[in-house]
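Results of the structural survey
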Amino acid sequence: MILNTYANDPLSLQENLKHTFDAICEKNEFGKRAILDHPQGSGEVYCQEFHDGVSMELYDCTFREDITISIQTADANPLYFLYSLLPGVGFSHLPRGLGNFQAAVVRSSKNDPLEIYFPKDIPIQLLIFKIDKELYCKNRNKLIAKKEALQHLFEEQETVSTAHLCSPNICIADLYQKLSLSTLKDPNGIYFLEAEANLILGHILTQYVTDNDLKETNWILTTSELERVRQMANRICQDPSDAYTIQELSRRTGLNPYKLQEAFKHLYKSTAVKFIQDKRLIKAAELLGTSEYNVTQVVEEIGLSSKSYFSKIFKAKYSCCPKEYQDQFKNRKILSIKV
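If you're wondering where the values come from, they're calculated on a predicted model, not measured in any experiment.

Attention now moves to the overall build of the protein chain. Check the secondary structure of the protein chain and you find 14 helices and 12 strands. Buried residues in the protein chain amount to 50% of all 339 residues. Summarising the internal contacts of the protein chain: among those between residues at least 6 apart in sequence, 65% fall at separations of at least 24. Looking at the protein chain as shown, the accessible area adds up to about 17,000 Å², and 49% of this sits on carbon and sulfur atoms.

Here it is as structure tokens:
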């Protein structure tokens, strides 16, 4: 089944969904939500228009037959940014379908239609941004000029559409979850929604620039590698007292030290060592505030051996020494543990 929509009219898709799937369309001041409850498809598709030439489509649905959405670009040739939580979605000009936590950047060309492929019986969780290059760049020229990859991306389009499949990015998945349907149903949530959308766009653009900077290297992280590091980070959060070293973390994750550090920077904007230290200090603050441990016992409990070093890094984070922090907590001057 083929559904046609138009690049210069992001809400035209909703009308097709209404006629094809008997979708219920709910409209607010800024967009539409199509609710599908039909033998050929179920779920929701949301379309939203923001400022600066940005519009968004969010798919949370399952189709019961193969669906192709054909985007006509005769009257407009915007940029498209896609992000998929789940594998299976295909897009014209991409060598393969989108994988887990994977983004794609597509430069459309006039009179070169783009197509999105939704295989039947596959759950879809897909986010698509459409960007009007001229409007989007109007107040961002200085930022875009700083990166050659962005200059090329936003310059006048060639005669043929092109696409870049980005490296997997798990960070965006957490932001994607905030664009929940409960938020989308609330017309008063438009301001928060636009902020989250711009944050996701920023992450996709950053990933695109990173991929271009590193296209000559062979260490770009895979989804599996990022997931291993995230699991390791969760373990550190649960038990920061273990004797973690870079060598030990490399052994447990199967990544060399360089890839390991890049994964921590990618996921947590921190080195592995700084991440571990931060979790230990959070645990220390919790123990100082909620247990009868003295400072020496807390140092041992979080896996450190030097009381003076602990006091130094604790003061740098909490602006007071451990004993002062404990006393303030007991006197109710600190009402909650800072993280």
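This paragraph deals with the environment of glutamine 277. In this structure, glutamine 277 sits in helix α11 (residues 272–290). Residues glutamine 277 and isoleucine 313, spaced 36 residues apart in sequence, show a C-alpha to C-alpha distance of 8.6 Å. Among all residues touching glutamine 277, those that are not within four sequence positions of it are Tyr309 and Ile313. Reaching out from glutamine 277, the side chain makes a polar contact with the side chain of tyrosine 309 at a distance of 3.1 Å.

Before going further, it helps to spend a moment on the packing of helix α8 (residues 223–238) against helix α10 (residues 257–268). In contact at an axis separation of 10 Å, α8 and α10 are set at 75 degrees when each is read in the N-to-C sense. Comparing their axes, α10 and α8 come out roughly perpendicular. Each of Glu225, Leu226, Val229, Arg230, Ala233 and Ile236 in α8 lies in contact with α10, whose residues at this interface are Lys259, Leu260, Ala263, Phe264, His266, Leu267 and Tyr268. Here the residues of the contact of α8 with α10 sort into nine nonpolar, one polar and three charged.

Turning our eyes to something else, we now look at unusual backbone geometry. The backbone of aspartate 52 shows a phi angle near 60 degrees, a positive value even though the residue is not glycine. Looking at the secondary structure, you find aspartate 52 in the loop between β4 (41–49) and β5 (54–63). Using a relative accessible area of 34% as the deciding quantity, one classes aspartate 52 as partly exposed. With a phi close to 60 degrees, aspartate 121 is a non-glycine residue in the positive phi region. Here aspartate 121 shows up in the loop between β10 (114–118) and β11 (124–131).

What counts, and at which threshold
Residues numbered from 1 in each chain as written. Predicted model: local features only at pLDDT ≥ 70, side-chain atom pairs only at ≥ 80, totals over all residues. Heavy atoms only, no water. Helix = DSSP H or I, 4+ residues; strand = E, 2+ residues; numbered from the N terminus. Buried < 20%, exposed > 50% of the residue type's maximum accessible area, 1.4 Å probe, protein only. Contact = heavy atoms within 4.5 Å. Areas by Shrake-Rupley, 256 points an atom, 1.4 Å probe, with all protein chains shown as cover. Polar contact = N/O pair within 3.5 Å; in protein donor to acceptor, adjacent residues only side chain to side chain. Axes fitted to C-alpha atoms, helices over the stretch in contact; angles between N-to-C directions. Parallel < 35°, antiparallel > 145°, perpendicular 65-115°, else oblique. Nonpolar A, V, L, I, M, F, W, Y, C, P; charged D, E, K, R; others polar.

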